[in-house]
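Examining the three-dimensional arrangement
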Amino acid sequence: DALKVYMGKMKGATLERPMLIAHEAQEVAPYCVTGEKDAVNNDGTPKYQQMDVASLVPLLLAEIQSLRARVAQLENK
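Since the structure is predicted, the reported quantities are computational estimates derived from the model, not experimental observations. (Residues numbered from 1 in each chain as written. Predicted model: local features only at pLDDT ≥ 70, side-chain atom pairs only at ≥ 80, totals over all residues. Heavy atoms only, no water.)

Some points on the packing of aromatic side chains
We count it as follows: Aromatic pairing here means that ring centres of Phe, Tyr or Trp (its six-membered ring) are within 6.5 Å. Orientation follows from the plane angle: under 30 degrees is stacked, over 60 is edge-to-face, and everything else is tilted. A ring is considered to have a charge above it if a Lys NZ or an Arg CZ atom is located within 6 Å of its centre and within 35 degrees of its normal.
The tally for this structure, following the rule as stated, stands at zero aromatic pairs. Lying over the aromatic face of Tyr6, Lys4 brings its terminal NZ or CZ to 4.9 Å of the ring centre.

Structure follows, in structure tokens:
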């Protein structure tokens, strides 16, 4: 629940898709983001953060397993 999902378009894209904001994800899973929020290059252009979204998969799997266990417990009552 700590990761907020937004709908938006990447620069140059034509379709909206679900996405995360890198600096928000970095607060939850710092290992999945490189770079610093609002960093700029020497010429003043933005130095964008990068996300390795694949590194979030283990968090998703753990959450699914937890939810399945809770559902099973509730179904057995």
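Still more to cover.
Focus: the layout of surface pockets
Put simply, the test is: Cavity means a closed set of points on a 1 Å grid over the protein atoms alone, one where a 1.4 Å probe fits but cannot get out, pocket means an open set with protein on both sides within 12 Å along at least 5 of 7 lines, and lining means a residue has an atom within 4 Å of a point. Grid points are joined across faces, edges and corners, and a volume is the space filled by probe spheres set on the points. Numbering of helices and strands runs from the N terminus, with a helix taken as a DSSP run of H or I at least four residues long and a strand as a DSSP run of E at least two residues long. The classification used treats Ala, Val, Leu, Ile, Met, Phe, Trp, Tyr, Cys and Pro as nonpolar, Asp, Glu, Lys and Arg as charged, and all other residues, Gly among them, as polar.
Of the voids in this model, the largest pocket is the one considered here, and its volume is about 660 Å³. Those elements that place two or more of their residues in the lining of the largest pocket are strand S2 (17-19), helix H1 (22-28) and strand S4 (50-51). Taken together, the residues of the lining of the largest pocket break down into ten nonpolar, three polar and seven charged. The space that makes up the second largest pocket amounts to roughly 320 Å³. Taken together, Asp1, Ala2, Leu3, Val5, Leu20, Val28, Val53, Leu56, Val57, Leu59, Leu60 and Glu63 make up the lining of the second largest pocket. Broken down by element, the residue count for the lining of the second largest pocket peaks at four residues, all from helix H2 (residues 57-75). Residues belonging to the lining of the second largest pocket are distributed by class as follows: ten nonpolar, no polar and two charged.

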